Amino acid sequence: MVRKLYFIAILSVVALRALAADPVMYQVKQDFAPVFYIQDGKVVGSEFLERGTKFACDRIENNLCYITWQGKVGYVRLASLEKLPDTAVAAAPTPPPSPVPPPPVISPEEKYRQEQIAKGLVEYRGGWVTPQEKFRQEQTAKGLIEINGEWITKDEQFRREQLAKGLVLDGKEWITKEEQNRRAQMAKGLVEYNGEWVTPAEKFKREQLAKGLVEFDGKWVTKEEKFRAEQTAKGLVEVNGEWITKDEQFRREQ
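Residues numbered from 1 in each chain as written. Predicted model: local features only at pLDDT ≥ 70, side-chain atom pairs only at ≥ 80, totals over all residues. Heavy atoms only, no water.

Colleague: So what about the side chain of Q27? Which residues, and what values?
Modeller: Within the element layout of this structure, Q27 appears in strand β1 (residues 24-28). Of note is the side chain of Q27, whose polar atom sits 2.7 Å from the side chain of E82. Ignoring any residue separated from it by four or fewer positions in sequence, one finds Q27 in contact with G52, T53, K54, S80, L81, E82 and L84. (Helix = DSSP H or I, 4+ residues; strand = E, 2+ residues; numbered from the N terminus. Polar contact = N/O pair within 3.5 Å; in protein donor to acceptor, adjacent residues only side chain to side chain. Contact = heavy atoms within 4.5 Å.)

And the structure:
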């Protein structure tokens, strides 16, 4: 009787060690892997596990790794995982886990949705596209355009094009810097003369000087006219190209 109880004890220990065997660890080998949560044989939610996330498979069936993640039962496609070499986690001294439910029966539509998610696609406007394509369509819908990797408005694109041409914004008009300076000088009442901005009076003065005229008694006259006026102002008279006094003129006449 004692020997029989001894063998039963040995068998119990072996059975407990078998139940407490270390489960093999896996980790996500791609950028992300979707985990689909199931309840009552139906998919009730999903989320993405990042690269390097580690966990133990409760059961592997039909290329699916069944896990208990954050208190929820779900599965991950085995193709998105890699087995960690010579690693395992010790089973806690707790009762064995509840039986893993059988693979859920999903509709063709749900299967297709899961396949698209596994490819890294997202659903947008009734179709499946990459996250980058979704973002591009969203920006285009806002009326934005892509320039050198940056999304900007058409007005901003036009502004940058004008600046690239060396233009400046004057009010609501794009003009050259030279035109901007011209308008600024004209606003001061100046006029352009020989590449220089001067007052109208200064321009007129320079024009008269360019003609060889001189200013005399508030008028612009030739040098000869100025000289004649100066001699006349002295009371002299011109006789045969010579300027003399009236007395000298009378004397010569006599």
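Colleague: Give me the nonpolar core: which residues, what numbers.
Modeller: One broad trend across soluble globular proteins is that nonpolar side chains are buried collectively. In this structure, L49, F55, I67, V76 and L81 are the most contacted members of the largest nonpolar core, which totals 13 residues. With near-sequence residues (within four places) excluded, V76 lies in contact with A33, P34, V35, L49, F55, N63, L64, C65, I67 and L81. One finds F36, I38, L64 and Y75 within the second-largest nonpolar core, a separate group that totals five residues. (Core = buried A, V, L, I, M, F, W, Y, C linked by side-chain atoms within 4.5 Å. Buried < 20%, exposed > 50% of the residue type's maximum accessible area, 1.4 Å probe, protein only.)

Colleague: Any chance you could break down the sheet that holds strand β7 (residues 72-77) for me, citing the residues and the numbers?
Modeller: Strand pairing in a sheet takes place through backbone hydrogen bonds and is either antiparallel or parallel in direction. Judged by pairing direction, the sheet is antiparallel, and its five strands sit side by side in the order β3-β2-β7-β6-β5 without closing on themselves. Two strands lie at the open edges of the sheet, namely β3 (42-50) and β5 (59-61), each paired on one side alone. Neighbour-to-neighbour, the strand axes of the sheet open up by a mean angle of 30°, direction not taken into account. In this structure, strand β2 (residues 32-39) lies alongside β3, joined through eight bridges in antiparallel fashion. By the bridge assignment, Y37 is partnered in β3 with G45. (Pairing = 2+ DSSP bridges. Axes fitted to C-alpha atoms, helices over the stretch in contact; angles between N-to-C directions.)

Colleague: How would you summarise the packing of aromatic side chains if you had to cite specific residues and measurements?
Modeller: Scanning the model with the defined rule gives six aromatic pairs in all. Between Y66 and Y75, the ring centres sit 5.8 Å apart and the planes meet at 50°, which makes this aromatic pair tilted. Through a chain of ring-to-ring contacts, three or more aromatic side chains come together here, namely F36, Y66 and Y75. Its guanidinium or amino end placed over the ring of Y66, R59 lies 4.7 Å from that ring's centre, counting from NZ or CZ. Just above the ring of Y37 sits the side chain of K72; from NZ or CZ to the centre is 4.1 Å. (Phe/Tyr/Trp six-rings, centres within 6.5 Å; stacked < 30°, edge-to-face > 60°. Lys NZ or Arg CZ within 6 Å of the ring centre and 35° of its normal.)

Colleague: Lay out the pairing of strand β19 (residues 236-239) in plain terms, naming residues and giving numbers.
Modeller: Two elements, β19 and strand β20 (residues 242-245), share four bridges in a ladder whose sense is antiparallel. Its bridge partner being in β20, V237 is matched across the sheet by I244. Connecting β19 to the next strand, β20, in antiparallel fashion are two residues, including N240 with a positive phi near 55°.

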